[in-house]
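Summary of the model geometry
Residues per chain, in single letters:
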Amino acid sequence: MIKVQICLFAYNLEESIASCIESVMENCGTYQYDLFVMINGCTDQTYDIVSCIADTHANVHPVHIAIGDKSNAWNTFIYQYYDGHSVAVFADGDLTFGQNAFQHIVDCHLAQPHYNAITGFPWDRGRNSKQMQHRMQQNHDLAGGLYLLSPLFIQTLISHTVKLPVGLIGDDSMLGFLSATNICSGTDLPKQRIGVCVKAVFIYAHLSPLRWQDYKLYFRRRVRYSLRYFQQLSIVTDLKQQGISAMPAVAIHGTSASLHQVRWRSSHLIFDLISKWMIDRQKMRLHPDSESASKSLS
C-alpha cells in the first residue's frame, strides 16, 4: 500500500494555517498520509493552532523548529522525519489546494516514477498565474508551493548527504536544479527528470492594493526574489563547476553580489541594489578583518 508523507512549511501563519491543513486533509483522496507541519521560528500562535488540530487528528504532527528558515526546515524533515520509503510531498502553509491535488500529484508519480520530482500547478487566475503556468510547462520548473520528490531521488540525496544551505531563498529553484541534473551529474535535463502535474493545483491569496500590509509584503517579497537571484547565480555556478561538494552549509558563505550582476535596465533594479547591500553587510560581519583592511587602504 502506498503511504504518503506531507511536509508543510509554516512561519508565522496563525491566520491561514488551519484553513491550509483543512485543505490538505480534504484533497488527499484515498491515500493514507501523515502530515508534518514544520513550524519554524514562529513567534505567533501557529504552533498552538496546529497542536489543537493534532489533538483530534493522529496523522497531523506539529514539529517545532527554533530557527525561522525554510531550507533548514526542509533538512530537518528529510533527515529526521522522512521514513525512507514513503512518497514525499512538500507544500507551503499559506496556500489552499484544488480538488484532490495531493492524490493527483501522487498518481502522477506512480504513473511516471522515472521523474526525480513532480511539480504542482498554480491556479489559473490572473496574468502572473498564466505566465507562471506557461513557463512551467515550457521549462519544467519546480514550484515551491507544491511539489513531490520521488523516494529514489530522496534516497540519493541522503546517500550524498545533500542539505540545502541555511538561509537559502528559493528551495524550489535549488531542488529543481538538483533534480534536473541528477545531483550535478554533468547533464541538465529538466524535461526528462521533472514532471508537471496540471491537476495538482495550488491556490494562493492575491495581494490587494487596498491593504497597506500587502504593500509591505510585496516589497519584502521583491527583495527576497533579488536575494534568491544572487544566491542561485553564485551557488549554482559553483555547483556546475565543482559538483555537489561545493554546496555551502550556509547560503551567505557561497553568495556574492557584484555590480555587473545587478539588473540595471529592469524593474528589479532597486531590489537588486538593496539585496546587494544586504549581502555585502552580511559578508562584512562574517569577515570584519577585510573591512578593517579596506579602510586602512583607503
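Notes on the structure follow. (Residues numbered from 1 in each chain as written. Predicted model: local features only at pLDDT ≥ 70, side-chain atom pairs only at ≥ 80, totals over all residues. Heavy atoms only, no water.)

1. What to know about the nonpolar core
In this structure, Val-37, Phe-97, Phe-102 and Leu-146 are the most contacted members of the largest nonpolar core, which totals 39 residues. When residues of this core are assigned to their parent elements, the largest contribution, 5 residues, is made by helix α4 (residues 101–111). Discounting residues that sit within four places of it in the chain, Phe-102 has contacts with Ile-6, Val-24, Asn-27, Cys-28, Val-89, Ala-91, Phe-97 and Leu-146. (Core = buried A, V, L, I, M, F, W, Y, C linked by side-chain atoms within 4.5 Å. Buried < 20%, exposed > 50% of the residue type's maximum accessible area, 1.4 Å probe, protein only. Helix = DSSP H or I, 4+ residues; strand = E, 2+ residues; numbered from the N terminus. Contact = heavy atoms within 4.5 Å.)

2. Focus on the sheet that holds strand β2 (residues 32–40)
Within the open sheet, the 8 strands sit side by side as β3-β2-β1-β4-β7-β6-β8-β5. Their pairing is mixed. In the strand order of this sheet, the two ends are held by β3 (60–65) and β5 (95–97), each with one partner. Along the sheet, successive strands turn relative to each other by an average axial angle of 30°, direction set aside. Of the pairings in the sheet, the one linking β2 to β3 comprises 6 bridges and is parallel in character. Across the sheet, residue Leu-35 finds its bridge partner in β3, namely Val-60. Helix-sheet contacts for α4 involve β1 (3–10), β4 (87–92), β5, β6 (117–122), β7 (146–149) and β8 (194–204), and the interaxial angle to β8 is about 175°. (Pairing = 2+ DSSP bridges. Axes fitted to C-alpha atoms, helices over the stretch in contact; angles between N-to-C directions.)

3. Quick word on the side chain of Gln-231
If you trace the backbone, Gln-231 turns up in helix α9 (residues 212–242). Of the polar contacts made by the side chain of Gln-231, one reaches the backbone oxygen of Gly-167; its length is 3.1 Å. When sequence neighbours within four positions are dropped, the list of residues in contact with Gln-231 reads Gly-167, Leu-168, Ile-169, Val-236, Ala-251 and Thr-255. (Polar contact = N/O pair within 3.5 Å; in protein donor to acceptor, adjacent residues only side chain to side chain.)

4. Observations concerning the environment of Tyr-81
Counting through the fold element by element, Tyr-81 comes out in helix α3 (residues 70–81). On the basis of relative accessible area, Tyr-81 is assigned to the partly exposed category, the value being 31%. Considered as a pair, Tyr-81 and Lys-240 are 159 residues apart in the sequence and their alpha carbons are 30 Å apart. The contacts of Tyr-81, once residues within four sequence positions are left out, are Gln-5, Phe-36, Met-38, Val-63 and Thr-76.

5. What to know about unusual backbone geometry
The phi dihedral of Asn-12 is positive, around 50°, even though this residue is not glycine. The exposure class of Asn-12 is partly exposed, given its relative accessible area of 27%. The residue His-140 is not glycine, and still its phi comes out positive at about 55°. Residue His-140 is classed as buried on the basis of its relative accessible area of 15%.

6. Description of the pairing of β7
Here β7 shows no split at all, with Leu-146 and Leu-148 on one side and Tyr-147 and Leu-149 on the other all buried. Across 4 bridges, the pairing between β4 and β7 is antiparallel. Along β7, the bridge assignment pairs Phe-90 with Tyr-147. Bridge analysis of β6 against β7 gives 3 bridges, and the strand direction is antiparallel. By the bridge assignment, Ala-117 is partnered in β7 with Leu-149.

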